[in-house]
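# Observations on chain architecture
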Amino acid sequence: MKVAVVKETAPGERRVALVPEAVAKLRAAGLEVLVETGAGDSAWLSDDAYTEAGAGITARDELVAGADVIVTVGRPDDQVIAGLRPGQAVLGMLAPLGDPGFAQRLAEAGVTAVSLDLIPRTLPRAQSMDALTSQANIAGYKAAIVAAGAFGRFFPLLITAAGTARPARVLVLGTGVAGLQAIGTARRLGAVVSAYDVRPETRTEVESLGATFIELTSVGPAGGEGGYARALTDEERQAQQDELASHIAKHDVVITTAQVPGRRPPLLVTADALKWMAAGSVVVDMGASALGGNVEGSRPEETVVTENGVTIIGAGRLPSTMPAAASAMYARNVSALLLYLVKDDSLAVDLDDDLQRGVVITYEGQVVHPALSDSAGGTARVDGAAH
Ligand code: NAD
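First things first, this report covers the structure right here in the doc. Values in this document were obtained by computation on a predicted structure and should not be read as measured data.

### Quick look at the layout of surface pockets
In this structure, the second largest pocket occupies an estimated 180 Å³ of space. Lining the second largest pocket we find 14 residues, and of these Gly87, Gln88, Ala89, Thr112 and Leu347 sit closest to its centre. Class assignment of the residues belonging to the lining of the second largest pocket gives a composition of 6 nonpolar, 5 polar and 3 charged.

Pasting the structure below:
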């Protein structure tokens with residue numbers, strides 16, 4: 001069975017789906033691995049390193065034509081999709097929710113599509129395959145580093161002969177995987193950290209990292225299914241934004257990580273809240289996307305400075321800025337899932353298996369994932385009303 005690694009072509013994407021260490025592991029399990037020329041270049045992984053691990057280095061057309069399974073980080077580009085043939089499989093973070101047309105296109109091409117970002121995260125046997133978690137850990141870490149880099153003062157308390165610098169006050173909004181990692185990193189840098197999440201059950205984790213959990217009096221608990229948050233009502237959203245603004249004003253640095261599955265990120269930091277922040281404050285918006293982020297006025301992959309001197313960093317693609325670590329962790333997720341799916345040298349799809357039912361989106365010409373199989377895209381459509 002031939003597993004093929006294509007070079008990612010999305011703007012700013014520096015990760016690669018398999019690193020040489022993972023290639024060696026798959027080779028040991030009896031799989032053949034083909035890697036597109038230069039696929040690991042942006043993560044400092046040379047073609048030679050892949051060859052030494054047992055991969056064949058091949059040009060794109062030949063690679064796509066010869067592969068049984070194509071592994072990717074993000075969605076394969078149009079050129080790869082156009083070259084696919086029935087019976088082939090694609091495995092990567094395909095982000096199919098919110099875009100039923102994409103899955104339909106793969107189904108019509110007779111391609112088996114496996115989306116790592118849909119892995120059922122609460123299944124213990126799926127934890128080694130949980131790419132959302134591995135990449136969110138990286139993003140959370142890097143968000144704190146980016147914030148510290150842009151902040152014109154120290155994060156830690158510093159006592160020197162020239163005087164004392166007070167520690168930075170950092171607020172983390174959203175305390176899932178990324179938020180907790182941002183808290184831990186900011187704490188290790190010496191900041192005084194507070195955090196808020198609409199799921200109050202995260203309080204214990206926040207406190208165990210040495211941060212203070214902020215409770216809002218105007219918004220009740222809003223936990224949804226599977227440990228995720230639900231979208232707030234318009235009234236709740238307004239109350240949350242208003243109450244958060246007074247907390248935001250007391251902090252030097254705000255890192256936002258809030259997400260609601262299948263919807264655009266909730267707006268937590270309004271233009272008014274930004275106006276109340278002191279000049280020199282830094283806001284890192286990990287939700288920044290073309291649809292809007294957690295912070296009003298943030299722009300994806302751009303830094304904006306407000307009239308009152310607040311730096312807003314749109315940081316929705318942080319894992320790509322640490323391509324070596326992100327690729328190494330992602331490659332472990334990919335190889336764990338591949339080895340789980342492969343039986344007797346082929347992909348053994350079994351939709352009775354709860355893990356597979358979670359990740360397989362197309363099979364034998366059909367869209368089979370429950371969240372996509374109704375024509376409206378199930379509960380998974382990106383809902384523009386979430387702001
Ligand atoms: P996520 O990326 O979906 O969201 C990040 C955080 O934003 C969440 O904590 C969410 O509650 C918060 N949020 C959403 N709307 C908000 C709002 N309006 N105001 C404030 N905060 C808001 O979350 P995630 O990091 O993917 O984690 C989701 C859940 O999955 C968590 O419960 C986590 O513990 C769980 N999880 C479990 C496992 C496992 O069991 N192995 C692995 C990974 C994650």
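After that view, the rundown keeps rolling.
### Description of the site of the ligand
The full set close to the ligand counts 24 residues, and Arg121, Gln127, Val177, Asp197 and Arg199 are the nearest of them. Val198 has a polar backbone atom sitting 3.5 Å from a nitrogen atom of the ligand. In the model, an oxygen atom of the ligand is placed 2.8 Å from a nitrogen or oxygen of the Gly227 main chain. Coverage of the ligand by the protein chains reaches 83% of its 840 Å² of free accessible surface. Taken together, the residues of the shell around the ligand break down into 10 nonpolar, 10 polar and 4 charged.

### Overview of the packing of helix H1 (residues 20-28) against helix H11 (residues 323-341)
Interaxial distance between H1 and H11 falls to 9 Å at its minimum, and their mutual angle equals 15°. By the angle between their axes, H1 is roughly parallel relative to H11. Seen from above, H1 lies across H11 with right-handed handedness. Between H1 and H11, the residues in contact are Glu21, Ala22, Lys25 and Leu26 and Ala331, Arg332, Ser335, Leu338 and Leu339, respectively. A breakdown of the residues in the contact of H1 with H11 according to their chemical character gives 5 nonpolar, 1 polar and 3 charged.

### Brief notes about the pattern of salt bridges
Throughout the structure, instances matching the rule amount to 20 salt bridges. A salt bridge links Asp353 to Arg125; the nearest nitrogen and oxygen atoms lie 3.0 Å apart. Of this pair, Asp353 sits in the loop between strand S17 (346-347) and helix H12 (354-359) while Arg125 sits in the loop between strand S6 (112-115) and helix H6 (131-150), placing them 228 residues apart in sequence. We classify Asp353 as buried; its relative accessible area is 14%. Note that Arg199 and Glu201 form a salt bridge whose closest N and O atoms lie 3.9 Å from each other. In the salt-bridge network here, residues are joined through shared partners; they are Arg153, Arg166, Arg169 and Asp252.

Criteria and thresholds
- Residues numbered from 1 in each chain as written.
- Predicted model: local features only at pLDDT ≥ 70, side-chain atom pairs only at ≥ 80, totals over all residues.
- Heavy atoms only, no water.
- 1 Å grid on protein atoms, 1.4 Å probe; cavity = no way out; pocket = protein on both sides within 12 Å on 5 of 7 lines; lining within 4 Å.
- Points joined across faces, edges and corners; volume = space filled by probe spheres on them.
- Nonpolar A, V, L, I, M, F, W, Y, C, P; charged D, E, K, R; others polar.
- Near = heavy atom within 4 Å.
- Polar contact = N/O pair within 3.5 Å; in protein donor to acceptor, adjacent residues only side chain to side chain.
- Areas by Shrake-Rupley, 256 points an atom, 1.4 Å probe, with all protein chains shown as cover.
- Axes fitted to C-alpha atoms, helices over the stretch in contact; angles between N-to-C directions.
- Helix = DSSP H or I, 4+ residues; strand = E, 2+ residues; numbered from the N terminus.
- Parallel < 35°, antiparallel > 145°, perpendicular 65-115°, else oblique.
- Left-handed = near helix turned anticlockwise from the far one by under 90°.
- Contact = heavy atoms within 4.5 Å.
- Salt bridge = Lys/Arg side-chain N within 4 Å of Asp/Glu carboxyl O.
- Buried < 20%, exposed > 50% of the residue type's maximum accessible area, 1.4 Å probe, protein only.

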